[in-house]
Amino acid sequence: MKTSNLGYPRIGAHRELKRACEKYWSNKISLEDLIKTGKSIRKENWKLQHEKGIDLIPSNDFSFYDQVLDTTLMVGAIPERYKSTQESGKNILDLYFAMARGLQKDGVDVIAMEMTKWFDTNYHYIVPEFTRDQEFELLSQKVVDEFKEAKALGIHTKPVLLGPVTYLLLGKEKGEGFHSIELLPKLLPIYYSILEKLVDAGATWVQFDEPILSTDLSHGEQEAISKVYKGIAESFPNLKTLLASYFGEYGNNLETVLSLPVCALHLDLKRAPNQLNVILESKKLKKSVFLSLGVVDGRNVWKNDFSSSLKLIEKTREQLGEERIFISPSCSLLHVPNDLDLEQNGKVLSNEVKDWMAFAKQKLEELQSLKKLAQNPNYSSHQLFLDNAASMDRRRNSKLIHKPKVKLRVEQLDEKDYRRQSPFEKRKILQERHLKLPLFPTTTIGSFPQTQEVRRNRSLFKKGALQEQDYINFLMEKTTEAIALQEEIGLDVPVHGEFERNDMVEYFGEQLEGFTFTQNGWVQSYGSRCVKPPIIYGDVSRPNPMTVYWTSFAQSLTEKPVKGMLTGPVTILQWSFVRDDQDRSTTCEQIALAILDEVLDLQEEGINIIQVDEPAIREGLPLRKKDWDEYLKWAIGAFKLSTSGVKDSTQIHTHMCYSEFNDIIQSIADMDADVITIECSRSQMELLDAFYEFDYPNDIGPGVYDIHSPRVPSTDEILNLLQKAENVLPASKLWVNPDCGLKTRGWEETKEALKVMVSAAQQMREAVGEPSN
Ligand code: GLN
Ligand code: ZN
């Protein structure tokens, strides 16, 4: 029996990599210094895993930006537009960062490669680009270099490669008439030469990550998998291959996978615990194949329940024997924070809750303990086991987690709680009467610029260096200015500006019961960007109003209807670490009820328009289509639960951005928000086709300018987009707003852009003979 790790966080315990990269990008440190930082992080990680008794320690899991981009560099799939940065005789890392981030320097001006979410995680990878006549070459030998680097430290590692099939399928075809998988014959020779070099360097095990196997593959794609791994086994008979998919079950790819001549097969037993039974009972596992049992959760922060993990290990041992077992995390530990030991402030994370948790370092210890226990016939009396069981018990019975009132409220929900009183047509008439908005009403998505001043004051207040009253006064000043400005610009539906908020999920999490936070619980989101997700450990409720004060304050400053601004239950769930002792759907319902309480309080205070943001609803979709309906049912249900209790005359908005909506348009309509604002400008309103074809019933605010750039759009550009929108949707349904919140923008461009936007809306009104305001 061996312990095997699939990957370790590479940002460093104190985000050293983030700091070093950002300094290098702004010319504050040299390339040598950056490389040194990378080297020292790798060394720390390897040494730590070695100390923690991990038998198969990964290498090449380190990356300066992203492992998919590393692969692009390895196989030399450099898009044409970067060729000039390559030729200027610079280090390959500069080319690499140019692809990741774009480059404007010395007459070079290239945009970055596209970035998108890695399966159903919040990690973003750089999307490979392929052309029809794509050529590959072995450009980077990072994987070999890092294997040798570890070897020089006396650590024999298991190099990790992103498998060729997943790599190709994650890429995007540039140009028509071909499919990326057709490039496989050209790509494979590069993998072969890398494998040769690894073998020469002394590598024995190689891990191939093929997470695409957790999605529905076509017959042709399954054949590609077979071809690749049969070919590798034939050409490298002495190389031991570990094939790893994660984030779900092999499902319809299982037959294919079981027939492969690989040496070990990894199973994500957190997401798909039943997969083990299916495999063992099928008796189709080849006699020579090891199973890597992913029992320790690589996607969440909870301590492993030894008792249930040991049951899975036991069952496997009965059938395969001890030698054929690896004990592993369910996936790379990239997706969890580094080290729970760094959490030493009981006011931020209480000892009681901390006792239930494990971060990456602690998960290594769990792997080691599980191996020790599994090899001990009397493990149930071993101290490691008893301690773990006691901790599990404390969690199960904790008063911090279980709130009978909250549970009862969820149980008593009935179908009416998910439905508005009247259908949209009727609500619309009442709302028109009540709100008296012009045609093409103008609004924004919620946040206004979070200037340095705003962030500095918040951080001073949090540190205790600014008195609460002074901070409140400051926020009042900012909110007052924002309202005055919106009045001056002539926006029909102003917002308070969200100056008091750090982050759209954290702000609510901090005020809800059942949530906790960490000081150092960072995980990589993309490149040097890290996030510190809230942790939902218990039943969720809302002890006090969360946004009423600032929304009402803003409303007191203007005659216009201020739009209240909340984050929706699915987005709060999606961007947090969620408790694993009950269904996500139940947790989501609890959050929905907390948001509903807030919605009703806002309404009570005279707020007649309330926006509940759900930008993360699309990204929560399961990897396999067969699971979509179930997810959508509870996710859409949670949104409706959080918004349906209002009067007909209260107008509910929602906002979504930066995702494909076409395949879930029915569900978006089912949300039954009175108005949906969505990002649209970058696709030149193409997105609206879906709404048109589907005949979307309610009102829509397609974003008319991109908030990612400081560029101020012209009136004509916006008019053009609005006319496009008017071609597919009746004017009576259209709202006018930017793509997303303005918090990352500066004030100058924000003012200008909004003025342009308002004047475009006025021109639209005039064109249909409506008074301009
Ligand atoms: N109301 C939020 C804001 O304006 C919405 C952010 C988002 O869509 N991600 O910042
Ligand atoms: Zn948005």
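Residues numbered from 1 in each chain as written. Chains lettered and ligands numbered in written order. Predicted model: local features only at pLDDT ≥ 70, side-chain atom pairs only at ≥ 80, totals over all residues. Heavy atoms only, no water.

Caption draft 1: Representation of the site of ligand 1. Every residue close to ligand 1 is listed here: Ile 445, Gly 446, Ser 447, Glu 498, Met 504, Met 565, Asp 613, Pro 615, His 655, Cys 657, Cys 740 and Gly 741. Contacts to ligand 1 include Ser 447, whose side-chain N or O atom sits 2.8 Å from an oxygen atom. Within the contact set of ligand 1, a nitrogen atom lies 2.7 Å away from a side-chain nitrogen or oxygen of Asp 613. Its free accessible area being 300 Å², ligand 1 has 92% of it covered by the protein chains. Of the residues in the shell around ligand 1, the class split is six nonpolar, four polar and two charged. (Near = heavy atom within 4 Å. Polar contact = N/O pair within 3.5 Å; in protein donor to acceptor, adjacent residues only side chain to side chain. Areas by Shrake-Rupley, 256 points an atom, 1.4 Å probe, with all protein chains shown as cover. Nonpolar A, V, L, I, M, F, W, Y, C, P; charged D, E, K, R; others polar.)

Caption draft 2: Summary view of the pattern of salt bridges. Inspection of every chain in the model, using the stated rule, returns 49 salt bridges. The closest approach of N and O atoms between Glu 255 and Lys 284, which form a salt bridge, is 2.9 Å. You can see Glu 255 sitting in helix H10 (residues 254–258) and its partner Lys 284 sitting in the loop between helix H11 (274–282) and strand S13 (290–296), a full 29 residues away along the chain. Residue class for Lys 284 comes out partly exposed when judged on its relative accessible area of 46%. Here Glu 717 and Arg 711 are joined by a salt bridge, their closest N and O atoms 2.9 Å apart. Overall, Glu 717 belongs to the partly exposed group, its relative accessible area being 33%. Taken together, the shared-partner salt bridges in this structure form one network comprising Arg 42, Asp 70, Lys 142, Glu 146 and Glu 149. (Salt bridge = Lys/Arg side-chain N within 4 Å of Asp/Glu carboxyl O. Helix = DSSP H or I, 4+ residues; strand = E, 2+ residues; numbered from the N terminus. Buried < 20%, exposed > 50% of the residue type's maximum accessible area, 1.4 Å probe, protein only.)

Caption draft 3: Structural view of unusual backbone geometry. Here Arg 15, not a glycine, exhibits a phi torsion of approximately 55 degrees, which is positive. Mapping Arg 15 onto the fold places it in the loop between strand S1 (2–3) and helix H1 (16–25). A positive phi angle, near 55 degrees, is found at Lys 283, a position not held by glycine. By secondary structure assignment, the location of Lys 283 is in the loop between H11 and S13.

Caption draft 4: Local environment of the coordination of the zinc ion (ligand 2). Only His 655 (NE2), Cys 657 (SG) and Cys 740 (SG) from the protein coordinate the zinc ion (ligand 2), and they sit 2.1 to 2.3 Å from it. What the four donor atoms of the zinc ion (ligand 2) show is an angle range of 91 to 123 degrees at the metal, which sorts the shape as tetrahedral. Ordering the donors of the zinc ion (ligand 2) by residue number gives the pattern H-x1-C-x82-C. Classification of His 655 as buried rests on a relative accessible area of 3%. Residue class for Cys 657 comes out buried when judged on its relative accessible area of 11%. (Donors = N, O, S within 2.8 Å, 3.2 Å for Na, K, Ca; no water. Tetrahedral: all angles 85-135°; square planar, octahedral: opposite > 155°, others 65-115°.)

Caption draft 5: Looking closely at the pairing of strand S18 (residues 535–541). Counting buried positions along S18 gives seven out of seven residues, so the element sits mostly inside the fold. Two elements, strand S15 (residues 513–516) and S18, share three bridges in a ladder whose sense is antiparallel. Paired with Thr 516 across the strands is Ile 535, a residue of S18. (Pairing = 2+ DSSP bridges.)

Caption draft 6: Region of the structure containing the sheet that holds strand S10 (residues 205–209). Reading across the sheet, the eight strands line up as S1-S14-S13-S12-S11-S10-S8-S2 and stay open at both edges, with parallel pairing between neighbours. On the outer flanks of this sheet lie S1 and strand S2 (57–59), each paired with one strand and no other. Sheet strands touched by helix H2 (residues 31–51): S2 and strand S8 (157–162). Its angle to S2, the strand with the most contacts, is close to 165 degrees. (Contact = heavy atoms within 4.5 Å. Axes fitted to C-alpha atoms, helices over the stretch in contact; angles between N-to-C directions.)

Caption draft 7: Representation of the state of the cysteines within the structure. The final tally for this structure, using the stated rule, is zero disulfides. Not part of a disulfide, Cys 680 finds its nearest cysteine sulfur in Cys 657, a span of 11 Å. Overall, the relative accessible area of 0% leaves Cys 680 in the buried class. (Disulfide = S-S within 2.5 Å.)

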